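Remarks on the overall topology
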Amino acid sequence: MDFPKLLEVYPGVTAVIGSGGKTSLLRRLAAELPGTVLLCTTTHIRPFEEYPLLTAPTPQTIRDTLATHRVLCLGTPCENGKLTAPTLSVETLATLADHVLVEADGSRQLPLKAHDAHEPVIPAVSRQVICVVGASGFGKPIRESVHRLERFCVLTGAAASDPVTPEQAAKAILAEQLCDAVFLNQIDTEAQRSLADRFAAALGGSGLRIAAGSLRAGSGWLYPDI
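All of the points below concern the structure found in this document.

Attention now moves to the overall build of the protein. Within the protein, the regular secondary structure consists of eight helices and 13 strands. Summarising its shape, the C-alpha atoms of the protein cover approximately 50 × 35 × 25 Å along the three principal directions. The 226 residues of the protein split such that 50% are buried. Considering only contacts within the protein whose residues lie at least 6 apart along the sequence, 71% involve residues at least 24 apart. A total of about 9900 Å² of accessible surface is found on the protein, and carbon and sulfur atoms cover 51% of it.

Below you can see the structure in the form of structure tokens.
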């Protein structure tokens, strides 16, 4: 599967938000995009071990390293082996590589996410914002599968004890209006396809680019605007 084509990722800055596979999507895009790629965050990520890490580079250091390594990870070391935002601005990074991929959200490793007022941290120069949604949260109680569950309940009118439906997840995305494209991840079996169909139908007419599939399996498909 060509994930850059599926999600229409163009040169420039792409921010990835949501839950249930943000880092996996960044990894797929970095591997499949043509040209040079910088991976970074505006929140926290773990280093991508398969790529060189630069922690306090100058622009020239980045240019020189990209001459021998197509993909680089940038960030400032912090607690627990994680990285925060790089020392150079995303605006500067955008002048140094063909693509800048930014993880712009945190989800505490839960499959679903709503956003407080200070979230996500999307760079102003982002050309596109992709929201990742984890289908493994569907059917489980909101309190067990949603980060910022109180906000999710406000947006959807659901109770914390209610099981999450695809329609509720779509309703929260539509209410927040934070993204240009949505990828429903963790559709790992044909039996789960109906969940993706319901999710896409609930987003129908929104103008969002809607795709679903499995980052783990490397599969995906695009939904036409319904």
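The next subject is the pattern of salt bridges. Here the structure, examined in full by the defined rule, presents 10 salt bridges. Among the salt bridges present, the one from Arg-216 reaches Asp-188, with a minimum N-O distance of 3.1 Å. Residue Arg-216 is located in the loop between strand S12 (209-214) and strand S13 (219-223), and its partner Asp-188 is located in the loop between strand S11 (181-185) and helix H8 (193-202); the two are separated by 28 residues in the primary sequence. Classification of Arg-216 by relative accessible area gives exposed; the value is 70%. Between Arg-193 and Asp-197 there is a salt bridge whose closest N-O contact spans 3.6 Å.

As a further point, take the layout of surface pockets. Roughly 740 Å³ of internal volume is contained in the largest pocket. Surrounding the largest pocket, 26 residues form its lining, His-44, Glu-103, Gly-106, Ser-107 and Arg-108 being those nearest its centre. Looking at the lining of the largest pocket, the element that brings in the most residues is helix H2 (residues 22-32), giving three residues. Taken together, the residues of the lining of the largest pocket break down into seven nonpolar, 10 polar and nine charged.

Let us now look at the packing of helix H7 (residues 166-176) against H8. For the pair H7 and H8, the least separation of the axes is 8 Å and the interaxial angle reads 35°. Considering the relative orientation of H7 and H8, their crossing is right-handed. Contacts from Pro-166, Glu-167, Ala-169, Ala-170, Ile-173 and Leu-174 of H7 reach H8 at Leu-195, Arg-198, Phe-199 and Ala-202.

Bringing the side chain of Gln-168 into the picture now. Tracing the chain through its elements places Gln-168 in helix H7. Take Gln-168: its relative accessible area is 15%, and that puts it in the buried class. Dropping the residues within four chain positions of it, Gln-168 is found in contact with Ile-142, Phe-152, Thr-156, Ala-158 and Pro-163.

Right, let's get into the nonpolar core. Core analysis: the largest hydrophobic core is formed by 49 residues, its most contacted members being Leu-38, Ile-62, Leu-93, Ile-173, Leu-184 and Phe-199. At four residues, the largest contribution of residues to this core is made by H7. Apart from the residues lying within four places of it in its own chain, the contact partners of Ile-173 are Cys-131, Val-133, Cys-179, Val-182, Phe-199, Leu-203 and Leu-208. In this structure, Phe-3, Leu-7, Val-16 and Leu-215 belong to the second largest nonpolar core, which totals 25 residues.

Criteria and thresholds
- All residue numbers refer to position in the chain's written sequence, counted from 1.
- Only residues with pLDDT of 70 or above have their local features reported here, since the model is predicted, and side-chain atom pairs are shown and tallied only from 80 upward, although totals for entire chains, interfaces and linings are computed over all residues.
- Calculation of side-chain values draws on the structure's entire complement of heavy atoms; hydrogens and water are dropped beforehand.
- Each helix is a run of DSSP H or I of at least 4 residues and each strand a run of E of at least 2, with the numbering of both proceeding from the N terminus.
- Whether a residue is buried, partly exposed or exposed follows from its accessible area with a 1.4 Å probe, protein chains only, as a fraction of its type maximum: under 20%, in between, or over 50%, in that order.
- We call two residues in contact when some of their heavy atoms are within 4.5 Å.
- For the area figures, the Shrake-Rupley method with a 1.4 Å probe applies, and any residue is considered shielded solely by the protein chains shown.
- Salt bridges are defined by distance alone: a side-chain nitrogen of Lys or Arg within 4 Å of a carboxyl oxygen of Asp or Glu.
- Cavities and pockets were defined on a 1 Å grid built over protein atoms only: a cavity is a set of grid points that admits a 1.4 Å probe from which the probe cannot escape, a pocket is an open set flanked by protein on both sides within 12 Å along at least five of seven lines, and lining residues are those with an atom within 4 Å of any such point.
- Grid points are joined across faces, edges and corners, and a volume is the space filled by probe spheres set on the points.
- In this classification, the charged set is Asp, Glu, Lys and Arg, the nonpolar set is Ala, Val, Leu, Ile, Met, Phe, Trp, Tyr, Cys and Pro, and all remaining amino acids, among them Gly, are polar.
- With axes taken as lines fitted to C-alpha atoms, and helix axes fitted only over the stretch in contact, angles between N-to-C directions fall between 0 and 180 degrees.
- With the far helix as reference, a near helix turned anticlockwise by less than a right angle produces a left-handed crossing, and one turned clockwise produces a right-handed crossing.
- Nine residue types can take part in a nonpolar core, namely buried Ala, Val, Leu, Ile, Met, Phe, Trp, Tyr and Cys, and a core is a set of them joined through side-chain atoms within 4.5 Å.

By themselves, these figures tell us nothing about what the structure is for.
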